[in-house]
Amino acid sequence: MWIVTSQEMKQIEARAVEYGHSYEGMMENAGAAAASYIRQTLGVENRRCVCICGSGNNGGDGFVVARRLLHKGAQVAVILASGAPKTGQAQAMLEQVRALDIPVLPWEEQNQETLATLQAAEILVDAIYGTGFHGALPPLVGALCRQINDCRGKVVALDIPSGVHGDSGMADSDSVRADYTIAFDSCKPAHIMKGAVPYCGEVVLADIGVDPRAREGLGINLRSTDNNLLVDHLKPKAITSHKGSNGKLLNVSGCLRYCGAAILSTTAALRSGVGYITLATPRSICAQLACTIVEATLLPVEENAAGQMALSAKDTIYSRLRWVDAVSIGSGLGRGNETFQLVQDLVRRSTKPMVIDADGINAVAQDINILKEAKAPIILTPHLGEMARLTGETIEALQSAPFQSARDFAREYGVVLLLKGPDTVIASPTGEMLVNQTGNPGLAKAGSGDVLTGIIASLLAQGISPFYSAACGAYLHGAAADAAAEELSCYAMQPTDVIRHLSQVFLSLGL
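Residues numbered from 1 in each chain as written. Predicted model: local features only at pLDDT ≥ 70, side-chain atom pairs only at ≥ 80, totals over all residues. Heavy atoms only, no water.

A.B. asks: Which parts of the structure should I look at to understand the sheet that holds strand S7 (residues 180–184)?
C.D. replies: Sheets are built from strands that pair by backbone hydrogen bonding, the pairs being arranged parallel or antiparallel. Read from one edge of the open sheet, 7 strands run S4-S3-S2-S5-S6-S7-S8, paired in parallel fashion. For this open sheet the edge positions go to strand S4 (104–106) and strand S8 (202–206), each flanked by a neighbour on one side alone. Pairs of neighbouring strands in the sheet enclose a mean axial angle of 20 degrees, with direction left out of account. Relative to S4, strand S3 (residues 75–80) runs parallel, the two being bridged by 3 bridges. (Pairing = 2+ DSSP bridges. Helix = DSSP H or I, 4+ residues; strand = E, 2+ residues; numbered from the N terminus. Axes fitted to C-alpha atoms, helices over the stretch in contact; angles between N-to-C directions.)

Here it is in structure tokens:
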């Protein structure tokens with residue numbers, strides 16, 4: 001599924017005009033498509049329908065819906081959410097509504113007739129903002145949205161439910177909760193983002209007749225993940241394969257305090273198909289880990305007094321680096337100057353593709369420009385807090401523009417960026433992006449990120465490209481988590497359960 005941001009949708013509309021369309025024509029097409037869907041899905045003859053229209057072009061779409069529903073036998077009224085239309089196209093559509101003697105009621109008066117019209121409505125059409133919403137709902141409009149949510153009728157939102165930001169999926173607490181959302185021309189990020197999905201209800205896509213050439217050359221590179229992603233990139237093991245041909249991974253992980261991170265990342269990598277894995281970890285915990293991870297080889301490395309890897313460990317690590325196909329580094333390393341220097345040195349010198357997570361990211365954040373010195377592809381997997389440290393942005397700023405932030409970072413530093421969250425975003429240096437659709441709140445536990453790192457690194461070692469290793473890894477991680485939650489609940493499931501349920505995902509793919 002291709003997804004466009006609000007700005008990209010504006011570009012598409014502007015290009016459509018160049019190919020002979022008009023804004024009025026697209027508005028008419030959008031309203032006609034919405035009215036047709038409402039009629040076919042809910043039935044409108046002799047039913048009380050109210051179109052709540054804003055002052056922008058989304059309101060213009062709503063005026064078209066009102067007129068079209070009237071012609072199909074509905075009892076129609078219009079409520080102006082925030083005064084008269086401010087665009088010429090919407091003004092023209094309102095004039096057509098008035099010419100048909102459809103009641104037009106201003107919300108700011110909030111008189112008894114307006115409230116009674118809302119409460120009696122069997123179908124309510126939310127045409128207040130669409131993709132034009134940002135910030136917080138004004139108090140008067142927020143009160144209107146609360147009234148809409150309290151009504152018994154079915155609510156249909158045009159493009160985006162009012163109060164929901166189309167690009168970030170962030171929602172005002174008073175946002176309209178729609179039963180159906182009709183997306184015009186293309187889906188927007190909010191239609192698939194977990195925070196916005198409860199407000200959107202069932203999402204349907206309506207063709208508004210835009211010339212396909214309007215999308216050419218605009219760099220619309222955002223897609224959502226689906227099962228086809230795995231089908232395209234994960235293949236059955238060849239009958240002639242052996243452990244060497246299935247990829248060799250070096251996992252630089254763990255310290256005295258965080259042994260579990262080394263266990264989780266290594267076990268997840270093994271469960272994801274890699275043929276051979278070496279765990280480089282502080283010498284003092286090797287005996288303990290050997291009792292738990294029996295399928296991996298251990299590479300004991302020098303450590304400091306804190307039980308973390310010493311800078312001198314780099315020589316031991318480099319001796320094994322030449323032999324492997326990929327490297328993962330960061331899970332449970334701890335935060336110490338020597339460890340940070342070790343990570344930075346590996347980033348600069350490694351000729352093997354690398355996944356960097358957790359304390360590895362914290363090390364990179366100390367000198368972000370080392371990413372530009374890297375000799376091999378790099379995948380970074382930060383959560384929002386780590387991304388804030390990498391960029392210097394606030395978490396709130398990153399949440400408001402996750403796609404742009406991920407895309408800009410990946411392009412500037414030449415890395416694949418996997419920005420973790422309820423809606424994980426994977427961005428490539430070329431601008432291509434995917435939004436992951438699997439996973440659940442049961443992943444919000446310490447250790448889940450270590451599992452994800454192991455899965456991605458395993459795929460990378462098996463020869464899948466960095467971008468699709470990250471994307472397939474995120475999908476597998478979330479799908480296994482969904483299977484674990486179905487069996488155990490989001491409360492009870494643990495990262496080890498995610499690893500255990502990976503087999504269920506692979507079996508479903510015939511792998």
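A.B. asks: So what exactly am I meant to see when it comes to the packing of helix H17 (residues 448–461) against helix H18 (residues 466–488) here?
C.D. replies: The description of two packed helices rests on the angle between their axes and on the distance between the axes. For the pair H17 and H18, interaxial distance at closest approach is 8 Å and the crossing angle is 135 degrees. It follows that H17 is oblique to H18 by the angle criterion. The chirality of how H17 crosses H18 is right-handed. Contacts between H17 and H18 pair Ser448, Val451, Leu452, Ile455, Ile456, Leu459 and Leu460 from the former with Pro466, Ser469, Ala470, Cys472, Gly473, Ala474, Leu476 and His477 from the latter. Considered class by class, the residues forming the contact of H17 with H18 number 11 nonpolar, 4 polar and no charged. (Parallel < 35°, antiparallel > 145°, perpendicular 65-115°, else oblique. Left-handed = near helix turned anticlockwise from the far one by under 90°. Contact = heavy atoms within 4.5 Å. Nonpolar A, V, L, I, M, F, W, Y, C, P; charged D, E, K, R; others polar.)

A.B. asks: Would you explain the environment of Pro353 in this entry?
C.D. replies: Tracing the backbone shows Pro353 in the loop between helix H12 (337–349) and strand S14 (354–356). When its relative accessible area of 18% is taken as the criterion, Pro353 is described as buried. The contact partners of Pro353, leaving out residues within four places of it in the chain, are Asp325, Ala326, Val327, Ala376, Pro377 and Leu460. (Buried < 20%, exposed > 50% of the residue type's maximum accessible area, 1.4 Å probe, protein only.)

A.B. asks: When you look at the packing of helix H2 (residues 23–42) against helix H3 (residues 57–71) in this model, what are you seeing that I'm missing?
C.D. replies: It is the contact of H2 with H3, at a shortest axis distance of 8 Å, that shows an interaxial angle of 50 degrees. With respect to H3, the element H2 is oriented oblique. In the packing of H2 onto H3, the handedness of the crossing is right-handed. Across the interface between the two elements, Met27, Glu28, Ala30, Gly31, Ala32, Ala34, Ala35 and Ile38 from H2 touch Asn57, Gly60, Asp61, Val64, Val65, Arg67, Arg68 and Leu69 from H3.

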